[in-house]
Amino acid sequence: MDIFGIPIQALLGQLMLGIVNGSFYAVLSLGLAIIFGVLKIVNFAHGAFFMLGAFTAFLLAQYMGLDYWVTLLVAPLLVAAFGMVFEFLFLRRLYGLDPIYGLLLTFSLVLVLEGGFRVAFGSSGQPFATPEQLRGTINLGFMILPLYRGFVIASALLVCLATWFVIERTSLGASLRAATERSELTQAFGINVPRLITLTYGVGVGLAAFAGVLAAPIFHVNPSMGSSLVIIIFAVVVIGGLGSIMGAIVTGLGLGVVEGFTRVFYSEFSSTIVFLVMVLVLLLRPAGLFGREEG
Amino acid sequence: MPAKHSFKTLALSSALLGLGGFTSAMASEGYSDGVVRIGVLTDMSGIYTDLSGEAAVEAVRMAVEDFGGEVDGVPIEVLHGDHRNRADTGASRAREWYNNDGVDMINDLSNSGVALAVAAVADELQRHAIVNSSSNIGLTNDYCSPFVTHYTYDAYSLAQGTGQSIVEDGGDTWFFLTVDFAFGIGLEEQVSQVVRNAGGQVVGAARHPLDTTDFSSYALQAQASGAEIIGIASTGADAINAINALAEFGVTPDQRPAALLLWYDDIVSLGLETAQGLMLTNAFYWDANDQTREFSQRFYERTGRMPNMAHAGNYSSTMHYLRAVEAAGTDDATAVSEKMRELEINDFFASGGYIRPNGRMVHDQYLWEVKSPEESEYDYDFLRLLATIPGEDAFQPLEESTCHLLNGN
């Protein structure tokens, strides 16, 4: 059976790949949405933290001989710690100022990190082996799916849902949301808001690094691996509705699929389609698909 | 008439009186602003940094030092700049260098889009440009110029090398994964032509943007095409990601990837485990003979890496340019251009190399195969020579060139 001259099997295959890519978008845009929601900072360094996650995993594996599964846990924690130090030392000073300052600071961090890694490791990247247990493929009938990609979907969804659950359904999440909306009042209840903010930034950054470790065996570890993604991630967050947690997850997955289909029908357009969707959404629903109109 | 006579006498007597001083004054007079300036315009921060970048600048510096740092007592200066893989940035930098900074020759020129743009500026301002790191054969066809030299390789030589060998080996249905700009499209066209001429068939192509990370959907399209050979018409990080994706999706063993422009550095990046068995056409390999090893060792000591063909080409072409300047006794672009096309190139990079009127440097190309991890005996021992393609076969026959400088065009 064909749809527009493309066999349905090929379309199903692309749907699957779209979900894989969408999983990355979801984890990354989730982190970005959380950071924006709480800190009101446009974290331009998100792609750089993604790259940093992949490189940290690479270095841990290369020089300390750590197992992939250990790096999947340790690398995001290390990068999150780095992010929290960055927030504590620099970012903190910019709260309440024009958002452009936060944007400039995080963008400069991108330049420093990418430049540094390029000098140290070159631009063509480092090989990163797929973990032993996840090599090989499974035949889904309509396509051959590498096991590792299946693992990416599962773990990304799990992490997204867990994050959503913590924010929306636990008391920690409730304090966080309270701090977002009425920070002084929350502090009056004895909650340490600055610490909560640092922690939030750490979680957002950790999510980016986690996506980076997941991506390392697929995309090859190189200094610019984040910069090509970050623009799309911004679009995802804007389409989903700035600061909306569920919006980021659903839109991330959805846009991955849309992009995948575009590759089949008109490949040259695949890097543009996300932005076309963004334009349409902003015209029709300026607050994004899941965002609430302020006012 | 008397005026003419007196001029003759004057010239003769002054020549006789101060022959030595006069000629040495001539020597530096032949050089614009008393310096020979070479600009290395390359990708210092983007996707092609590893292929040329800082190491390309170092290769040119080495050539200048080996030449003695001066021509006819005139010092040689090396500048470098980043084109950021943008044709407009490259062209405006070139214009600035030629017009304001007295640059006589621009070398390297990675990225075909940039190379074509800079070649146009060089032609307009009548200054030299030598292209080592990019492949578009437009440079020696519609956009040829007496001041532009295409030195190391081009899309035609890649097609003749890798493309032809694979077709001869029985791989006659092709699908292309092509990077969507001048370089990729030019390479796809060249290889398609070779495939069709040999009776093969091109069943399709997918075009992707420069610097694509995710090739899975293209891998799937390649798989669905049923083609025996997946021609990868991209290079650097794009080619690496494409090869990885093809390996991951199990495209082999029924289908084989063919990297049409694989650099030595790409193999370092891929690792022998993934890269083994790939064929590549390269004009230079560090471990080919004693001469290449000698150069590469010196290069390694300065840069911490082995040179690839573009680095070697940057060195060799700078040497050739300087020799031509010396022979012409001036840095005047037209005179140097004539000398460059007249002198033969014999060094570790090329033997009996020569530059055709359309700017194509003709020299042997080599088809290599990547060794398996077991076959690799020492550091950087990556390639095995499969065939030598004589320069005359490797490059586009002159009668096919559409260059306006050739008779009949």
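Counting from 1, residues in each chain are numbered in the order their sequence is written. Chains and ligands are labelled sequentially in the order written, the chains with letters from A and the ligands with numbers from 1. With the structure being a predicted model, the display of local features is reserved for residues of pLDDT at least 70 and the display and counting of side-chain atom pairs for 80 or more, all residues being used for whole-chain, interface and lining totals. For the side-chain quantities, the full set of heavy atoms in the structure was used; hydrogens and water were omitted.

## Let's talk about the layout of surface pockets
The volume enclosed by the largest pocket comes to roughly 1,000 Å³. A pocket, in this scheme, is an open set of points on a 1 Å grid over the protein atoms alone with protein on both sides within 12 Å along at least 5 of 7 lines, while a cavity is a set where a 1.4 Å probe fits but cannot get out; residues line either one if an atom lies within 4 Å of a point. In terms of lining, the largest pocket is formed by 38 residues, of which the most central are A:Ser224, A:Ser227, A:Ser228, B:Leu210 and B:Asp211. Under the scheme used here, helices are H or I runs from DSSP no shorter than 4 residues and strands are E runs no shorter than 2 residues, and both carry numbers assigned from the N terminus. Only helix 1 (8-39), helix 4 (99-121), helix 9 (227-240) and helix 10 (245-265) of chain A provide two or more residues apiece to the lining of the largest pocket. Put simply, Ala, Val, Leu, Ile, Met, Phe, Trp, Tyr, Cys and Pro go in the nonpolar bin, Asp, Glu, Lys and Arg in the charged bin, and everything else, Gly too, in the polar bin. In the lining of the largest pocket, the residues fall into 17 nonpolar, 12 polar and nine charged. Note that domain bounds follow an automatic or database assignment of domains. Counting only domains with at least three residues in the lining of the largest pocket, you end up with domain 1 (31-153 + 288-363) and domain 2 (156-282 + 366-393) of chain B. Grid points are joined across faces, edges and corners, and a volume is the space filled by probe spheres set on the points.

## Examining the interface of chain A and chain B
A contact between two residues is defined here by any heavy atoms of the two lying within 4.5 Å. Between chain A and chain B, the contact holds 27 residues from the first and 26 residues from the second. Summing both partners gives a buried area of about 2,400 Å² for chain A against chain B, and 46% of it is carried by carbon and sulfur. One speaks of a salt bridge when a side-chain nitrogen belonging to Lys or Arg is within 4 Å of a carboxyl oxygen belonging to Asp or Glu. For the pair chain A and chain B, the number of links is three salt bridges. Measuring nitrogen to oxygen at the nearest pair gives 2.7 Å for the salt bridge that ties A:Arg149 to B:Glu248. Each polar contact in these results corresponds to two N or O atoms within 3.5 Å; when the atoms are within protein, one needs to be able to donate a hydrogen and the other to accept it, and residues that are neighboring in sequence are counted only if both atoms are side-chain atoms. The interface formed by chain A and chain B includes nine residue pairs in polar contact (both at pLDDT 80 or more). Mapped by element, the contributors of at least two residues to the side of chain A that touches chain B are helix 1, strand 4 (144-146), helix 8 (193-219) and helix 10 of chain A. Looking at the side of chain A that touches chain B element by element, the count peaks at four residues for helix 1 of chain A. Here the buried area means the combined drop in accessible surface, using a 1.4 Å probe, for two parts upon being joined, counting both sides.

## Describing the confidence of the model for chain A
Here chain A averages 89 in pLDDT, and 98% of its residues register 70 or above. For every residue, the predictor states its confidence as a pLDDT score lying anywhere from 0 to 100. No element of chain A has a lower mean pLDDT than strand 1 (residues 2-3) of chain A, which averages 68, and none a higher one than helix 3 (residues 68-89) of chain A, which averages 96.

## Digging into the sheet that holds strand 8 (residues 201-208) of chain B
Residue and element names in this part refer to chain B. Strand pairing is defined by DSSP finding a minimum of two bridges between the two strands. Spatially, four strands are ordered 8-7-9-10 in an open sheet, and the strand pairing comes out parallel. Strand pairing shows two members of the sheet lacking a second neighbour, strand 8 and strand 10 (256-259), which therefore form its edges. Pairwise comparison of adjacent strand axes, ignoring direction, gives a mean angle of 20° for this sheet. Direction of pairing for strand 7 (residues 173-179) relative to strand 9 (residues 229-233): parallel, over a ladder of five bridges. In the strand pairing of strand 9, Phe176 is matched with Gly231. Under this scheme, a helix contributes an axis fitted over its contacting stretch, all axes are lines through C-alpha atoms, and angles between N-to-C directions fall in the 0 to 180 degree range.

## Section: the packing of aromatic side chains
The pairing test for Phe, Tyr and Trp rings, Trp by its six-membered ring, is centres within 6.5 Å, and the orientation test on the planes gives stacked under 30 degrees, edge-to-face over 60, and tilted for anything in between. Under the counting rule described, the total for this entry stands at 36 aromatic pairs over all chains. Consider the rings of B:Tyr285 and B:Trp368, whose centres lie 5.0 Å apart with planes at 65°: the pair is edge-to-face. Note that B:Tyr285 is positioned in the loop between strand 11 (279-282) and helix 12 (290-303) and B:Trp368 in strand 14 (residues 365-370), a separation of 83 residues in sequence. For B:Tyr285, a relative accessible area of 4% translates into the label buried. By way of ring pairs, the aromatic residues B:Tyr264, B:Tyr285, B:Trp286, B:Tyr300, B:Tyr366, B:Trp368, B:Tyr380 and B:Phe382 are connected into one cluster. Only Lys NZ and Arg CZ are tested; either one counts as a charge over a ring when it is within 6 Å of the ring centre and within 35 degrees of the ring normal. Directly above the ring of A:Phe36 sits A:Lys40, whose terminal nitrogen or CZ lies 5.8 Å from the centroid. Partly exposed describes any residue whose relative accessible area lies between the buried limit of under 20% and the exposed limit of over 50%, with all areas from a 1.4 Å probe on protein chains only and scaled to the type maximum.

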